[in-house]
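# An overview of the molecular structure
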Amino acid sequence: MLPSGKDVHPEDTLLEENAERIMLDPTSRDDPKFKDLLKVLIDWINSELEEDRIIVKDLEEDCYDGQVLQKLFEKLSGRKLNVAEVTQSEIGQKQKLQTVLEAVNELLRPHGWSIEWSVDSIHCKNLVAIVHLLVSLAMHFQAAIRLPEHVSVRVVVVKRGKPAKNKENHFYVDAFDTLLDHAPDKLNVVKTFADGVYLILLMGLLEDYFVPLYNFFLTPENFDQKVHNVAFAFELMQDGGLKKPKARPEDVVNLNLKSTLRVLYNLFTNYKNSE
């Protein structure tokens, strides 16, 4: 994921005590993969907000005040936020951002997304934070776009009283989009996990225990029973030390191949070295 910033000015180093500023290294701004990521995100936002007659040309300049982020979140989530439509003052802009980001975080955090942004970082036009936020929203709502994989940028971390240091930031977009595009006919097998039964039995085999049949529906007859099974399988995974799956049980039941693949891949990476 990422941070932001334009050219480094002398006043940027005049930070309050313990304050930290993260800025994009100028060389990374011209990286072809990063520029491609920015273009994909801008085109996606403009497509989503076409009916609102909103045109984004620059993520830093057009997203910092919360207006575009508000409209994008409302369009994606179908939820109307109680914020002022137009806010010119810095206080008003930050209040809007606070409301928008609270709604975003409330939506994303339960699904395991890492929150790599804040009101201050967005309002300071931190490009890395803005891109982190947009990539997370695009992936969460399964946007019909192709995000470039493994985008890395260098950032400069400036802290009062300490020399500036460089570090790498990564936008890890998984390869499932590519896999789905090139071999969709070979992935229908994951649909067999949609009712949760195989996931539950698989966890029992991997952890070497018997799952009592009264804990789940061996032959689920409706959507709710399938969701119960997948949710129970997720609980078994967490009991086994795995992180909470980012996918929702409903996604697996609805035959979302990408969500199911992520669950199976997490199982593979966790148990691949088990005897």
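Scroll up a little and you will see the structure.
Heads up: these notes are all about the structure in this document. Note that the structure is a prediction, hence the values are computed from the model and not measured.

Cut-off values and rules
Residues numbered from 1 in each chain as written. Predicted model: local features only at pLDDT ≥ 70, side-chain atom pairs only at ≥ 80, totals over all residues. Heavy atoms only, no water. Core = buried A, V, L, I, M, F, W, Y, C linked by side-chain atoms within 4.5 Å. Buried < 20%, exposed > 50% of the residue type's maximum accessible area, 1.4 Å probe, protein only. Helix = DSSP H or I, 4+ residues; strand = E, 2+ residues; numbered from the N terminus. Contact = heavy atoms within 4.5 Å. Salt bridge = Lys/Arg side-chain N within 4 Å of Asp/Glu carboxyl O. Phe/Tyr/Trp six-rings, centres within 6.5 Å; stacked < 30°, edge-to-face > 60°.

### Things to note about the nonpolar core
Among the nonpolar cores identified, the biggest contains 47 residues, and L41, W44, I45, L59, I122 and V131 are the most heavily contacted of them. Elements with a minimum of two residues in this core: α2 (32-48), α3 (59-63), α4 (67-77), α5 (90-108), α6 (119-123), α7 (127-140) and β2 (151-159). At 11 residues, α7 tops the list of elements feeding residues into this core. Setting aside residues no more than four positions away along its own chain, L41 makes contact with L59, V131, L134, V135 and L147. Among the nonpolar cores identified, the runner-up in size contains 22 residues, and L236, A247, V253 and V263 belong to it.

### Digging into the pattern of salt bridges
For side chains of opposite charge, pairing can occur when their charged atoms come near one another. The full count for this structure, using the stated rule, is nine salt bridges. Close ionic contact of E61 with K125 constitutes a salt bridge, the shortest N to O distance being 2.9 Å. A residue pair is termed long-range when its members are at least 10 positions apart, and E61 in helix α3 and K125 in the loop between α6 and α7 qualify at 64 residues. For E106, the salt bridge identified is with R79, shortest N-O distance 3.6 Å. A residue pair is termed long-range when its members are at least 10 positions apart, and E106 in helix α5 and R79 in the loop between α4 and α5 qualify at 27 residues. Judged by relative accessible area, E106 falls into the exposed class, the value being 56%.

### Considerations on the packing of aromatic side chains
Inspection of every chain in the model, using the stated rule, returns one aromatic pair. Their ring planes at 80° and their centres at 6.1 Å tell us that F193 and Y198 sit as a pair that is edge-to-face.

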